[in-house]
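Survey of secondary and tertiary structure
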Amino acid sequence: MFKLTKTSAQMSTRNLRTTAGLFQRVPMSKFDPETDVRENMALLQKNVDIVKSRLRRPLTLSEKIVYGHLDEPEIADIVRGESYLRLRPDRVAMQDATAQMAMLQFVASGIPRVAVPSTIHCDHLIEAQLGGAKDLSRAKDINSEVYDFLSTAGAKYGAGFWKPGSGIIHQIILENYAYPGIMLIGTDSHTVNGGGLGGVFVGVGGADAVDVMAGIPWELKCPKVIGVHLIGEISAWTSPKDVILKVADILTVKGGTGAIVEYFGPGVNSLSCTGMGTICNMGAEIGATTSIFPYNERMARYLHATERGEIAKIADNYKSVLESDVGAEYDEVIEINLSELKPLINGPFTPDLCTPVSEIGTRAEQEGWPTEVKVGLIGSCTNSSYEDMTRSSSIAKQAQAKGIKFKSLFTITPGSEQIRATIERDGVDQPLRDIGGLVLANACGPCIGQWDRQDVAKNEKNTIVTSYNRNFTGRNDANPNTHGFVASPEIATALALAGTLKFNPETDTLLDSEGNPFMLDTPYGDELPANGFDPGEDTYQAPPADVSSVEVEVDPSSNRLELLTPFSAWDGQDYHDLQLLVKVKGKCTTDHISAAGPWLKFRGHLNNISNNFLITATNSENGEMNSIKNVLTGEFGPVPGTAREYKAAGIGWLAVGDENYGEGSSREHAALEPRHLGGKAIIVRSFARIHETNLKKQGMLPLTFADHADYDKVQPGDKVSILGLTSFAPGVPLTCKLTHPDGSTDEFSLNHTFNDNQIGWFKAGSALNAMAQ
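Structural notes, computed from the coordinates. (Residues numbered from 1 in each chain as written. Predicted model: local features only at pLDDT ≥ 70, side-chain atom pairs only at ≥ 80, totals over all residues. Heavy atoms only, no water.)

1. Details of the overall build of the chain
Broken down by element type, the chain carries 23 helices and 30 strands. Rg of the C-alpha trace for the chain: 25 Å, near the compact-globule value of 28 Å for 773 residues, within the 12% margin. If you line up the chain on its principal axes, its C-alpha atoms span 75 × 60 × 55 Å. With 773 residues in all, the chain has 64% of them scored as buried. Pairs at least 24 residues apart make up 76% of the contacts formed inside the chain by residues separated by at least 6 positions. Roughly 26,500 Å² of accessible area belongs to the chain as shown, and the carbon and sulfur atoms make up 47% of that amount. When the 70 positive and 94 negative side-chain charges of the chain are each reduced to one mean point, those points stand 3 Å apart. (Helix = DSSP H or I, 4+ residues; strand = E, 2+ residues; numbered from the N terminus. Rg over C-alpha atoms; globule rule 2.2 N^0.38 Å. Buried < 20%, exposed > 50% of the residue type's maximum accessible area, 1.4 Å probe, protein only. Contact = heavy atoms within 4.5 Å. Areas by Shrake-Rupley, 256 points an atom, 1.4 Å probe, with all protein chains shown as cover. Lys, Arg positive; Asp, Glu negative; His and termini not counted. Charge placed at Lys NZ, Arg CZ, Asp CG, Glu CD.)

2. Some details on the sheet that holds strand β21 (residues 540–541)
The mixed open sheet is built from 6 strands, whose spatial order is β6-β5-β2-β3-β4-β21. The outermost strands of the open sheet, each flanked by one partner alone, are β6 (200–203) and β21. The pairing of strand β2 (residues 91–95) with strand β3 (residues 118–121) spans 4 bridges and is parallel. Each bridged residue has a counterpart across the sheet, and for methionine 94 the counterpart in β3 is isoleucine 120. Packed onto the sheet, helix α5 (residues 144–157) meets β3, β4 (160–162) and β21 and runs at close to 155 degrees relative to β4. (Pairing = 2+ DSSP bridges. Axes fitted to C-alpha atoms, helices over the stretch in contact; angles between N-to-C directions.)

3. Details of the pairing of strand β8 (residues 224–231)
Of all 8 residues that make up β8, 6 are buried, and the element is covered over most of its length. Handedness of the crossover is the feature at issue here: the chain leaves β8, passes through helix α8 (residues 240–251), returns alongside strand β9 (residues 259–264), and the resulting connection is right-handed. Bridge count between β8 and strand β11 (residues 332–337): 6 bridges; the pairing is parallel. Paired with histidine 229 across the two strands is glutamate 335, which belongs to β11. (Right-handed = clockwise from strand over helix to strand, strands pointing away.)

4. Description of unusual backbone geometry
Proline 348 follows glycine 347 through a cis peptide bond whose omega is 5 degrees. Tracing the backbone shows proline 348 in the loop between β12 (344–346) and β13 (354–356). Positioned with a positive phi, asparagine 626 is a non-glycine residue whose angle comes to about 55 degrees. Within the element layout of this structure, asparagine 626 appears in the loop between α18 (606–609) and β23 (628–629). Taking the relative accessible area as the measure of exposure, asparagine 626 reaches 27% and is therefore partly exposed.

5. Examining the sheet that holds strand β22 (residues 575–583)
Judged by pairing direction, the barrel is mixed, and its 7 strands sit side by side in the order β22-β25-β26-β27-β30-β29-β28 before closing back on the first. On average, adjacent strands in this sheet sit at an angle of 35 degrees to one another, irrespective of strand direction. Where strand β28 (residues 719–723) lies against strand β29 (residues 734–739), 5 bridges are found, and the strand directions are antiparallel. Its bridge partner lying in β29, isoleucine 722 is registered against cysteine 736. Sheet contacts for helix α19 (residues 639–648): β22 and β25 (653–656); angle to β22, the most-contacted strand, approximately 165 degrees.

6. Here we look at the packing of aromatic side chains
All chains considered together, the criterion is met by 16 aromatic pairs. Ring centres of phenylalanine 264 and tyrosine 330 lie 5.0 Å apart, and the angle between their planes is 5 degrees; on these two criteria the pair is classed as stacked. One end of the pair, phenylalanine 264, is in strand β9; the other, tyrosine 330, is in the loop between α11 (309–317) and β11, with 66 residues separating them in the sequence. Above the plane of the ring of tyrosine 177 lies arginine 91, whose end atom (NZ or CZ) is 4.0 Å from the centre. (Phe/Tyr/Trp six-rings, centres within 6.5 Å; stacked < 30°, edge-to-face > 60°. Lys NZ or Arg CZ within 6 Å of the ring centre and 35° of its normal.)

7. Observations concerning the side chain of aspartate 388
On the secondary structure map, aspartate 388 appears in helix α13 (residues 386–401). For aspartate 388, which is buried and forms no salt bridge, the nearest opposite charge comes from arginine 391, at a distance of 6.2 Å. Of note is the side chain of aspartate 388, whose polar atom sits 3.3 Å from the backbone nitrogen of serine 384. The contact partners of aspartate 388, leaving out residues within four places of it in the chain, are Thr278, Thr382, Asn383 and Pro489. (Salt bridge = Lys/Arg side-chain N within 4 Å of Asp/Glu carboxyl O. Polar contact = N/O pair within 3.5 Å; in protein donor to acceptor, adjacent residues only side chain to side chain.)

8. Some words on helix α9 (residues 273–281)
A large share of α9 lies buried, amounting to 9 of its 9 residues. All of the buried residues in α9 are Cys273, Thr274, Gly275, Met276, Gly277, Thr278, Ile279, Cys280 and Asn281. The inward-facing, buried residues of α9 abut α6 (169–176), α8, β9, β10 (290–292), α10 (297–305) and α13.

9. Notes on the side chain of aspartate 96
By the element assignment, aspartate 96 lies in helix α3 (residues 96–109). Buried and without a salt bridge, aspartate 96 has arginine 603 as its closest oppositely charged side chain, separated by 7.7 Å. In this structure the side chain of aspartate 96 is engaged in a polar contact, spanning 3.2 Å, whose partner is the backbone nitrogen of aspartate 123. Contact partners of aspartate 96, with chain neighbours within four places excluded, come to His121, Cys122, Asp123, His124, Leu125, Tyr147 and Leu150.

See the structure below:
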């Protein structure tokens, strides 16, 4: 058993909020009881009516669900893009890599039990190597300490626990917890997947999850709303994935920042529920707060298929609150004709570089991208539905009939145990296996860099095609020269059969086993299994009603887990002569700030994982990664080591970044690490939403150049003062003074988005410290 052994876990709770429902009972089944759904829907309708009576205008669907979860709808300030909303989400979900830090923070809060239904999902720590069963067995062995901690902490504090092998968090949520009108926050950026079932699902950092689990309202800047009007119908080789690939092309990786993307129009009805989930899932790649579709018959069909027919009936009775009002206004509207949309492929190195499949071979040759496809990979949280698998399997059956196999290596990742068991029962996976495919564990695997890849040499230039969502440099295999392309599962399957990007399945031919040319027929698949879903092995652990005998412990000598020590509070003074640690050039995602892959094993140990801070970001001074000048020694060295030396010498520091700093994952480690290493501020041209919030939560100052050109004034070796903190206030810019190595100075304004509550986090040293106060 595990036992708490640190005084922070014994903090007093006498000053915590004790409003009604703070320590409410958590439902003990996997599913939210239908009575809870009915009550939630009634409250949603009531709050929406209150808000509409105040605003006196039609509301979009996303506005209804967001405003319907306001803590105080009668008095809340509601201004799109400006005001901060205090919200009451219905549920929290955490994947194992981020749940470690979230639960460590919850332990430190001293609160005895989660206030809302919460679950932990083991999907990130399973490395793809030999195949499903073997990889799962290996993961259970090497991660046993972490799994035991999460299982026991979940039991102690009232969170359900999905064991390793159960599947990817977002697929589990769609199958079990998602429903129209719900608001769910999750400690993963692709939590937004659930919008395919008509709810508001938002990716957050662990500290935000702790707030909600503690019964504290969750803060979100009132989102703008981007409407995507869909007309026409999906057909032939075009798939739902192509919709979001096109949206990413239009909006780019930061075009959705601060907004919810809301799909509407007659074209919606040509998409399956899981197809809508795919579109919402990859909305994270355009920086959107979340994406959402209106409730329709396709969603009802999915709810019935997943044994939640009663919830569909409840939703039918509340349909008016689950769709936009006539005349509702959007901040921006995009129109896509699905009948004209062609198969697309995005990449390499960024998910918004879009090319028609019919043109990718020519473009690759022009750009110098490798045209040989080394590996095709399908599945992941984005595309692992029954429909996805059956469409890819239909292509494999054609290859079988012609006596050919994949020319590329090929992997299949089932999204959940339910999907794995169902496709195995129905023989969907067998054709893919028979032509050379390898079925991996029900986990994230290569999508997040959990891939022990052996087919190419380290740093070898090569191309892979996936049905995943993200393709940043080194994302899948830690090789900066792997050109990752993102497409639909059927396109990834077809290109792996051909072994080249220079193949268009709509017009080109393959050769059968006898050398005869043939064309692939249009892929086909079943939206839902005719014989229902096979749930497979039961991998869910409900929290016990009696937790008196459950104890949680973290071994002080562990290199995987570490109890947290509170960060120090602000000293009440302006920051003077902070040392510039590094000026980052170009794209800097959370993968650059806190790499995944082999570093995932340290996600519960802040000191150890801080050794990956900014190690793959590019230093503007020398164009190199993980090589910065240490002003104490005059030598160039690693970023984390230099930061540690400054901290040991009592030197505060800051880092400077470019546009959309912190895009990608919701991992709060990218904010915890600079704070732990002695950082005070991050100054950039612009931030991704989640990362900016995570920095605020940990007592850091995320600031932006009022004039983006001021980025160019920052020089290596600069001393930086941040002035105006003694009168820190919402909407009031701060002043930055640079003192260059030659003694000259520059001075300019810095903007921020702090509100009064968030300024309180900064002054207390972190949001967790403020909660304890």
